[in-house]
Amino acid sequence: MVTELLKKYLWLVQTFIRAGERGLSLDEIVTKWEDRFDSSYSRRTFNNHREAIYEVFGIEIGCNRSTNRYFIEYTEDVTDENAETAWLINTFTVNNMLSLGKERLSGRVSVDDIPSGHKHLTSIMEAMTENCEIVIGYRKYTSEETSTYTLRPYAVKESEKRWYLVAHCIERDAMRVYGLDRIMDLEITDKKFRMPKDFDVDRLFETSFGIYITEAKA
C-alpha cells in the first residue's frame, strides 16, 4: 500500500538525518533497512525511493561520488524545527509512532486528543500520490450535522498548527478548504482524477489571509 511506502520514506529521511553530514554507504543503508523491515533492499529500489522522497517531500538524497556515501542535502533545513518540511516530517513521524504505541505499548502511551487532524493526513497523502478521489464525512464548525462530499484532493496546507485539505468538491463543483480535524470519516476510492495544469497551493493562497480563499470555505 502507498501508506506503507510513505512510512518507509519517512524512515529513510529520519535515518539520513541521524547520520548527519557523513551520510551512509549503500551497504550501511541496506543493513539498516533489513534490520528494520526484515526484507532485502536493492540499489534499484533505493534509487526509486530517493526519487519518490524528492517528489513527495522535496527532499533530495544526494551522493558524494568521491566516497560513494549518500546524504540529505541541506540537512540543517530539514532538521530546523521552524521549517515547513520539518513540520511535515515530524507530524508524520509522531502519527506513526503513536499508532505503533497503541499496537505494541498498550497501557504505556497516553496522549490528549489534540484536534489537528493527524489521523487523516496519511490517507489524504496516499490519495494525492495516486490522484484518487476520496469520500469524506464532514462536520462544519458551526453544525452538528455530518455531510458527505466527494473530493479531488489537490493539496494539504498547515496553518496555525492545524492541517487543511484543499480540494475540488464534486457536489459543489468548486474549490473548497476542509479542516482535517472536522473530517469524521474518509474513504479512498478507485476513481482517478487529473490535476489542473500548473496548480500551486502556495500561489493559490498568496493573496489570502490564513487558509481562506474566495468562494472556498467549508
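The sections below set out a description of the structure shown in this document. Please read all numbers here as calculations on a predicted model, not as lab measurements. Each chain carries its own residue numbering, running from 1 in the direction its sequence is written. Reporting in this predicted model follows two pLDDT cut-offs: at least 70 for local features of residues, and 80 or more for side-chain atom pairs to be given and counted; totals over whole chains, interfaces and linings ignore these cut-offs and use all residues. Only hydrogens and water are set aside when side-chain values are computed; all heavy atoms of the structure are taken into account.

What follows is about the pairing of strand E5 (residues 146–159). Pairing of strand E4 (residues 132–139) with E5 involves six bridges; the strand directions are antiparallel. By the bridge assignment for E5, Tyr 138 is matched with Ser 147. Pairing between strands requires that DSSP locate at least two bridges from one strand to the other. We count a stretch as a helix when DSSP gives it H or I for four or more residues in a row; a strand needs E for two or more, and each element gets its number in order from the N terminus. Hairpin connection between E4 and E5: a loop of six residues separates the two successive antiparallel strands. Inspection of the sheet shows E5 paired to strand E6 (residues 162–169) by eight bridges, in the antiparallel sense. Of the residues in E6, the one forming a bridge with Val 156 is Leu 165.

A word on the sheet that holds strand E7 (residues 174–179). The strand order across the open sheet built from five strands is E7-E6-E5-E4-E8, with neighbouring strands paired in antiparallel fashion. Taken across any chain shown, the strands that pair with only one partner, and hence form the sheet edges, are E7 and strand E8 (183–192). Strand-to-strand twist across the sheet, computed as the mean angle between neighbouring axes with direction ignored, equals 45°. Pairing of E4 with E8, which is carried by six bridges, proceeds in the antiparallel orientation. Note that in E8 the partner of Val 135 across the bridge is Glu 187. Orientation is described by axes fitted as lines to C-alpha atoms, over the contacting stretch for helices, and by angles from 0 to 180 degrees between their N-to-C directions.

Nine residue types can take part in a nonpolar core, namely buried Ala, Val, Leu, Ile, Met, Phe, Trp, Tyr and Cys, and a core is a set of them joined through side-chain atoms within 4.5 Å. Remark: exposure states derive from per-residue accessible area (1.4 Å probe, protein chains only) relative to the maximum for the residue type, with buried under 20%, exposed over 50%, and partly exposed in between. If you look at the biggest cluster of nonpolar residues, it comprises 41 residues, and the most contacted ones within it are Phe 16, Leu 151, Leu 165 and Tyr 178. Examining the composition of this core, we find that eight residues originate from one element, helix H1 (residues 2–19), more than from any other. Sequence-distant contacts of Phe 16, that is, excluding residues within four places in its chain, are made with Leu 24, Ile 29, Phe 46, Ile 61, Tyr 70, Phe 71 and Ile 72. In terms of nonpolar packing, the next biggest core, distinct from the first, is built from seven residues, Val 166, Val 201, Phe 205 and Ile 211 among them. Whether two residues are in contact is decided by their heavy atoms, any of which lying within 4.5 Å being enough.

A few words now on the sheet that holds strand E1 (residues 24–25). In spatial order, the strands read E1-E3-E2; together these three strands make up an open sheet with antiparallel pairing. One side of each edge strand has no neighbouring strand; the edge strands of this open sheet are E1 and strand E2 (61–64). Pairing between E2 and strand E3 (residues 69–72): four bridges, direction antiparallel. Paired with Ile 61 across the strands is Ile 72, a residue of E3. Sheet strands touched by helix H3 (residues 43–57): E2 and E3. Its angle to E2, the strand with the most contacts, is close to 130°.

This next bit is on helix H2 (residues 26–37). The first and last C-alpha atoms of H2 sit 16 Å apart over twelve residues, in line with the 16 Å expected at 1.5 Å per residue. Residues of H2 that are buried: Leu 26, Ile 29, Val 30, Trp 33 and Phe 37. The buried residues of H2 occupy an angular sector of 100° when projected down its axis, which confines them to one face. More than 90 degrees from the buried face of H2, the exposed residues found are Asp 27 and Asp 35. At the C-terminal side of H2, Asp 38 shows a positive phi close to 55°. A helix is expected to reach a length of 1.5 Å times the quantity of its residues less one. Arc definition: it is the arc formed by the directions from the helix axis to the C-beta atoms.

Take the side chain of Arg 50 next. Among the structural elements, Arg 50 can be located in helix H3. The definition of a polar contact used here is a pair of N or O atoms within 3.5 Å, where within protein one atom must be able to donate a hydrogen and the other to accept one, and adjacent residues in sequence count solely through side-chain atom pairs. Side-chain polar atoms of Arg 50 contact the side chain of Asn 47, separated by 3.0 Å. Looking at Arg 50, its side chain comes within polar contact range of the main-chain oxygen of Ile 61, at 2.7 Å. In contact with Arg 50, other than residues within four places in its own chain, are Ile 61, Gly 62, Cys 63 and Tyr 70.

Moving on to the environment of Leu 180. Within the secondary structure, Leu 180 is located in the loop between E7 and E8. The exposure class of Leu 180 is buried, given its relative accessible area of 0%. Each C-alpha atom, one on Leu 180 and one on Leu 165, is 6.6 Å from the other, the two residues being 15 residues apart in sequence.

Inspection of the secondary structure puts Asp 200 in the loop between E8 and helix H7 (201–205). Classification of Asp 200 by relative accessible area gives partly exposed; the value is 33%. C-alpha separation for the pair Asp 200 and Ala 155, spaced 45 residues apart in sequence, amounts to 8.6 Å. A polar atom in the side chain of Asp 200 sits 2.9 Å from the backbone nitrogen of Arg 203.

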